[in-house]
Amino acid sequence: RVQLVESGGGSVQAGGSLRLSCAASGYTSSNNCMGWFRQAPGKEREGVAVIYIGGGSRTYYADSVKGRFTISHDNRENTVYLQMNSLKPEDTAMYYCAAEWISWGRCRLVDYEYSNWGQGTQVTVSS
């Protein structure tokens, strides 16, 4: 029902910045939840940030990225962004965009709540 395509990943030195984009298509309702997750080799997938695409565009962040990452949404372009500043080597991972039509109360950093996923974009931070 929703197609997601991520872009913007790359390699950056510690302390640098990257901006990830997730282009969405196939949905018409504004009542939607979209988020960013990441997975490093040998580690479980973890939630990074989510945004409720509805009234108020409520956001939620993992403690590890709060204050450094910012999630936003462009309604006209149907694109979700993740601005990543002050990047650390531990941020290195494959970053995935996810989307689901769920209530704001479930729009959180839990991967099993989402059924639509992008292909991922690699982020590598070197020290």
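Residues numbered from 1 in each chain as written. Predicted model: local features only at pLDDT ≥ 70, side-chain atom pairs only at ≥ 80, totals over all residues. Heavy atoms only, no water.

1. Observations concerning the overall build of the chain
Regarding its fold elements, the chain presents 0 helices and 11 strands. Against the 2.2 N^0.38 benchmark of 14 Å for 127 residues, the chain shows a C-alpha radius of gyration of 14 Å, consistent with a compact globule. Taken along its principal axes, the extent of the C-alpha atoms in the chain is 40 × 25 × 25 Å. A total of 127 residues make up the chain; the buried ones form 45% of that total. (Helix = DSSP H or I, 4+ residues; strand = E, 2+ residues; numbered from the N terminus. Rg over C-alpha atoms; globule rule 2.2 N^0.38 Å. Buried < 20%, exposed > 50% of the residue type's maximum accessible area, 1.4 Å probe, protein only.)

2. Comments concerning the pairing of strand β1 (residues 3-7)
Only one face of β1 is buried, namely the one carrying Leu4 and Glu6, since none of Gln3, Val5 and Ser7 on the opposite face is buried. Relative to strand β3 (residues 18-25), β1 runs antiparallel, the two being bridged by 5 bridges. Counterpart to leucine 4 in the pairing with β3 is alanine 24. (Pairing = 2+ DSSP bridges.)

3. Details of the nonpolar core
The biggest cluster of nonpolar side chains holds 29 residues, and the ones touching the most others in it are Met34, Trp36, Leu82, Met84 and Tyr95. Beyond its immediate sequence surroundings of up to four residues, leucine 82 is in contact with Leu18, Arg19, Leu20, Trp36, Val48, Ala49, Phe69, Thr70, Ile71 and Tyr95. Among the nonpolar cores identified, the runner-up in size contains 8 residues, and Val50, Ala98, Ile102 and Cys107 belong to it. (Core = buried A, V, L, I, M, F, W, Y, C linked by side-chain atoms within 4.5 Å. Contact = heavy atoms within 4.5 Å.)

The analysis is restricted to geometry; functional conclusions fall outside its scope.
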